[in-house]
Amino acid sequence: MCRALRVLCAAPDRERLTVLKYATVSSTWELVGGAIGLDQLESQIREWAPDVVVLDSDLGTEGVERARTARPNVRIVGIGSADGADGADGHADSIEEVRSAVLGVPPPGGPVRT
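None of these values were measured; they are calculated from a predicted model.

1. Some words on the nonpolar core
Right, on to step 1. Leu 41, Ile 45, Val 53 and Leu 55 are the most contacted members of the largest nonpolar core, which totals 16 residues.
Right, on to step 2. Among the secondary structure elements, those contributing two or more residues to this core are β1 (5–11), β2 (29–36), α2 (38–48), β3 (52–56) and α3 (60–70).
Right, on to step 3. With residues up to four places along the chain from it excluded, the contact list for Leu 41 reads Leu 8, Ala 10, Ala 35, Val 53, Leu 55, Gly 63 and Ala 67.
Right, on to step 4. In this structure, Leu 20, Ala 23, Trp 29 and Val 52 belong to the second largest nonpolar core, which totals 15 residues.

2. A short note on the sheet that holds β2
Right, on to step 1. The parallel open sheet is built from five strands, whose spatial order is β2-β1-β3-β4-β5. Strands with a single pairing partner mark the edges of an open sheet, and in this sheet they are β2 and β5 (90–92). Averaged over all neighbouring strand pairs, the angle between strand axes comes to 20°, with direction disregarded.
Right, on to step 2. Pairing of strand β4 (residues 75–79) with β5 involves three bridges; the strand directions are parallel. In the sheet register, Ile 79 faces β5, and the bridge partner there is Ala 92.
Right, on to step 3. Here helix α1 (residues 14–24) sits on the sheet and contacts β1, β2, β3 and β4; the angle it forms with β1, its principal contact strand, is near 150°.

3. Some words on α2
Right, on to step 1. Within α2, the full set of buried residues consists of Leu 38, Leu 41, Glu 42, Gln 44 and Ile 45.
Right, on to step 2. Remark: Ala 49 follows α2 within two positions and exhibits a positive phi of approximately 50°.

4. Structural notes on the pairing of β2
Right, on to step 1. In this structure, β1 lies alongside β2, joined through six bridges in parallel fashion. Paired with Arg 6 across the two strands is Glu 30, which belongs to β2.
Right, on to step 2. In the classification by handedness, the crossover that spans β1, the intervening α1 and the parallel β2 is right-handed.

5. Quick word on the pattern of salt bridges
Right, on to step 1. One pass over the full model with this rule turns up six salt bridges.
Right, on to step 2. With its nearest N and O atoms 3.9 Å apart, the salt bridge here joins Arg 46 to Glu 42. Of this pair, Arg 46 and Glu 42 both sit in helix α2, separated by four residues, roughly a single helical turn.
Right, on to step 3. Exposure remark for Arg 46: the relative accessible area of 52% places this residue in the exposed category.
Right, on to step 4. Judged by relative accessible area, Glu 42 falls into the buried class, the value being 18%.
Right, on to step 5. A salt bridge links Arg 66 to Glu 62; the shortest N-O distance between them is 3.0 Å. Of this pair, Arg 66 and Glu 62 are both found in helix α3, four residues apart, which corresponds to roughly one turn of the helix.
Right, on to step 6. Glu 62 gets classed as partly exposed once you look at its relative accessible area, which sits at 39%.

Quick notes on the rules
Here the residue numbers are simple positions, counted from 1 along each chain's written sequence. The predicted origin of the model limits local features to residues at a pLDDT of at least 70 and limits the giving and counting of side-chain atom pairs to 80 or more, whereas totals for whole chains, interfaces and linings rest on all residues. Side-chain figures throughout are based on the complete set of non-hydrogen atoms in the structure, without hydrogens or water. The term nonpolar core refers to a set of buried residues drawn from Ala, Val, Leu, Ile, Met, Phe, Trp, Tyr and Cys, joined through side-chain atoms within 4.5 Å. Buried means the residue's accessible area, taken with a 1.4 Å probe over protein chains only, is under 20% of the maximum for its type, while exposed means over 50%, and partly exposed covers the values in between. Only DSSP runs of H or I covering at least 4 residues are called helices, and only runs of E covering at least 2 are called strands; the numbering of each starts at the N terminus. Residue contacts are counted whenever heavy atoms from the two residues lie within 4.5 Å of one another. We call two strands paired when DSSP finds no fewer than two bridges between them. Each axis is a line fitted through C-alpha atoms, taken for helices only over the stretch in contact, and angles between the N-to-C directions span 0 to 180 degrees. Throughout, right-handed denotes a crossover for which the path from the first strand over the helix to the second runs clockwise when the strands point away from the viewer. Between Lys or Arg on one side and Asp or Glu on the other, a salt bridge is scored when a side-chain nitrogen of the former is within 4 Å of a carboxyl oxygen of the latter.

Here you go:
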């Protein structure tokens, strides 16, 4: 049986969460829940069992750690400052790059080969 990819967004406040969810929504996956703050992040990961967590970098490294504690194999995409979500599996510098980051598409310019 196939099922849609489940994606959970998390941000420090309701306004940022709304922006993040709007940028993340897609017919390719199911957008589930929506966590405001670190405590909601943990409980919603346990409740929804998402495949991907889109994490606003303002939740920081602690957000990444809590997501990994709640669901060790979840793919984490940090949005915003690369330093903010240290330890994430993917990163998008801007809100416009969220959907590509969820899919694991390399950022514009592609991977650098040496």
